[in-house]
Structures are given as C-alpha cells and as structure tokens.
Amino acid sequence: QYSPESVAGADGEIDPTEITFPGCSCRSSSCTAPGCSCLCWGDNYSGLCLRGSEQEQFARPVFECNALCPCSESCQNRVVQRGLRLRLQVFRTHSKGWGVRTLQDIPRGAFVCEYAGEVLGLAEARRRVQAQSPEDSNYIIAVREHLHDGRVLETFVDPTHVGNVGRFLNHSCEPNLFMVPVRVDSMVPKLALFAATDISAGEELSYDYSGRFHNSQGSSREHKPLEEDNRLRKPCYCGSRMCASFLPWDGSLFSTP
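What comes next is a walk through the structure. All values derive from a computational prediction rather than experimental measurement.

1. So, the pattern of salt bridges
Two side chains with opposite charge may pair up if their charged atoms get near one another.
Here is step 1 of the chain: Throughout the structure, instances matching the rule amount to 12 salt bridges.
Here is step 2 of the chain: Here R51 ties to D43 by a salt bridge, and the two come within 3.6 Å at their closest N and O atoms.
Here is step 3 of the chain: Classification of D43 by relative accessible area gives partly exposed; the value is 26%.
Here is step 4 of the chain: For E124, the salt bridge is made with R127, and the minimal N-O distance between the two is 2.9 Å. In this pair, E124 and R127 are both assigned in helix 1 (residues 122-130), 3 residues apart and thus about one turn of the helix distant.
Here is step 5 of the chain: Residue classification places E124 among the buried positions, given a relative accessible area of 14%.

See below:
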C-alpha cells in the first residue's frame, strides 16, 4: 500500500500524525531566526537545501514549522513536510533488485524523499525481525539519535506493507544521500533523505543503511559477526571503492530484551 507519509503501525503504539508541538507565533509569510520558536532549535535551511554541518561535531536537530503555525505554506522552514517534489523512477538494477534513480539534476543539500512506513514500537519491530527468514528482504530501519545527556531516542519504521518510494532505495558504502530525522508536528521524526552531493539526472540514489555516513564514529550499533558467520550475511553489490562486501548488520533487534 502506497503512502507518502509514515502511518501508525499495527501495534498502534505510536501515531506519527498526532500533533503535540505548539506552533510558533510568527505572522510573516516566512519565519526567520531568532524570532521564530521553531527556528530557535536550529536555522537549518538555506533556500530549499539543508545547511552543511561538516564543521560541527554534532548534527543540529531539525524542527520545521507545523500545522499550528500561522506562517504560510511557503515558509522557508517548511521543506520535508511538502513531500516529494522531484521526478524519481523505480527501475530494475542489474544485481540489486529494484532501485531508484533521479530523472533530473539534484543540488547538494536538497530534500529528496522520506523513508515512510509503519512506525513501530520496539517490541513489534523485534517481533517482525525475528519472524523473518534469511531469504526475506528486511525493510525495517532502526534510527538512533544520541542526545548530549547520554540518552538515545529510537525510531523504528517498516515499509514492508505500507510505504513510499524510499523503500526501493539501495544501500551504498559511498552513497549520494544521507538520512536526517526531521520533526514537524511531534517528537516522532520524519526520516528525510537529502542529497549528500550534486547528483546528475540518471544516477541511482542510495544511502548507507548503517548510519555511519555523515555521522560520528561509534554512533552505529552495527554488529560485527565472526568471520564464519559472514556466510549468513547478505552480500553488498554497491560497487564502490570502499565496499565492505556485506550489507550492514544490526543485531540489536534479534536479541531478547
């Protein structure tokens, strides 16, 4: 079932459409910092592109203006919530099954698409992963945000049965997209994919499933199995110079609580 945005999972534990954030009080058509309460968390956009954070030790949180804000729909702090605006194409790759390519040039920092699906609680995400066979495709993504006080916020999204074009994106060890959790109406983030570099029309789009790309070392919980366990892992066909030979493996959902 196609859905442009994430929906509540079958467990009903988390509703991503619930509005829990208060709106800003800006009366202008487009909000500006520091007067906007939404932008006080970070002025992240320049035009329709995400500002670069290569010089910063940590990624800044992204909070867009929401449904309760009086600013216009053209506000410069409304980007991801506008949804997909690019011409993308799902196509059959040579060795990786389905993939996604762009039919137009994409500038660095531009929002490409959301990774949408069912938003699950930890218990349901673990149950679904453990019910899979080694031959099954795993679309469930676990995103972990590390806060300055040591806490970790976890978001689990499964587009296996309900999702959008993002479910067809392949992994690459040298990707041209990176994922950023973007909050609009509540603390449940939209998993937004942005261009990591200028992308030409016809190029396949990809991101790093492990979360290592554009993130600090040690922030990933990727499991490193023993050499003899590699036969159980799925090979990576990204073809990059830095290819790790196997797709990333996160064993946390396979462990019992």
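That shown, we press on.
2. Focus on the nonpolar core
Generally speaking, soluble globular proteins have nonpolar side chains that are buried together.
Here is step 1 of the chain: One finds V112 and L205 to be the most contacted residues of the largest nonpolar core, which totals 22 residues.
Here is step 2 of the chain: When near neighbours in sequence (up to four residues on either side) are disregarded, L205 contacts L88, V100, R101, T102, I106, V112, L169, N170, N176, L177 and I199.
Here is step 3 of the chain: One finds L50, V62, A192 and F194 within the second-largest nonpolar core, a separate group that totals 12 residues.

3. What about the sheet that holds strand 5 (residues 88-92)?
Here is step 1 of the chain: Read across the sheet, 4 strands follow the order 5-6-14-11 without closing on themselves; strand pairing throughout is mixed. Single-partner strands in this sheet number two, and they are strand 5 and strand 11 (170-171).
Here is step 2 of the chain: Bridge analysis of strand 11 against strand 14 (residues 204-207) gives 2 bridges, and the strand direction is parallel. By the bridge assignment for strand 14, H171 is matched with Y207.

4. A look at helix 1
Here is step 1 of the chain: Among the residues of helix 1, those classed as buried are E124, A125, R126, R128 and V129.
Here is step 2 of the chain: Turning to helix 1, the residues buried within the fold contact strand 8 (118-120) and strand 10 (152-158).

5. Looking at the packing of aromatic side chains
Here is step 1 of the chain: One pass over the structure, following the stated rule, counts 6 aromatic pairs.
Here is step 2 of the chain: Centre to centre, the rings of Y207 and Y209 are 5.0 Å apart; their planes meet at 55°, and the pair counts as tilted.
Here is step 3 of the chain: A residue is classified by how much of its surface remains accessible, and Y207, at 4% relative accessible area, is buried.
Here is step 4 of the chain: Looking at Y209, the relative accessible area reads 34%, which means it is partly exposed.
Here is step 5 of the chain: Grouped by ring-pair contacts, the aromatic residues F21, W41 and F63 constitute a single cluster.
Here is step 6 of the chain: Sitting over the ring of Y139, R167 keeps its end group 4.2 Å from the ring centre.
Here is step 7 of the chain: The ring of F168 carries the charged tip of R167 above its face, separated from the ring centre by 5.1 Å.

Conventions adopted
- Residues numbered from 1 in each chain as written.
- Predicted model: local features only at pLDDT ≥ 70, side-chain atom pairs only at ≥ 80, totals over all residues.
- Heavy atoms only, no water.
- Salt bridge = Lys/Arg side-chain N within 4 Å of Asp/Glu carboxyl O.
- Buried < 20%, exposed > 50% of the residue type's maximum accessible area, 1.4 Å probe, protein only.
- Helix = DSSP H or I, 4+ residues; strand = E, 2+ residues; numbered from the N terminus.
- Core = buried A, V, L, I, M, F, W, Y, C linked by side-chain atoms within 4.5 Å.
- Contact = heavy atoms within 4.5 Å.
- Pairing = 2+ DSSP bridges.
- Phe/Tyr/Trp six-rings, centres within 6.5 Å; stacked < 30°, edge-to-face > 60°.
- Lys NZ or Arg CZ within 6 Å of the ring centre and 35° of its normal.

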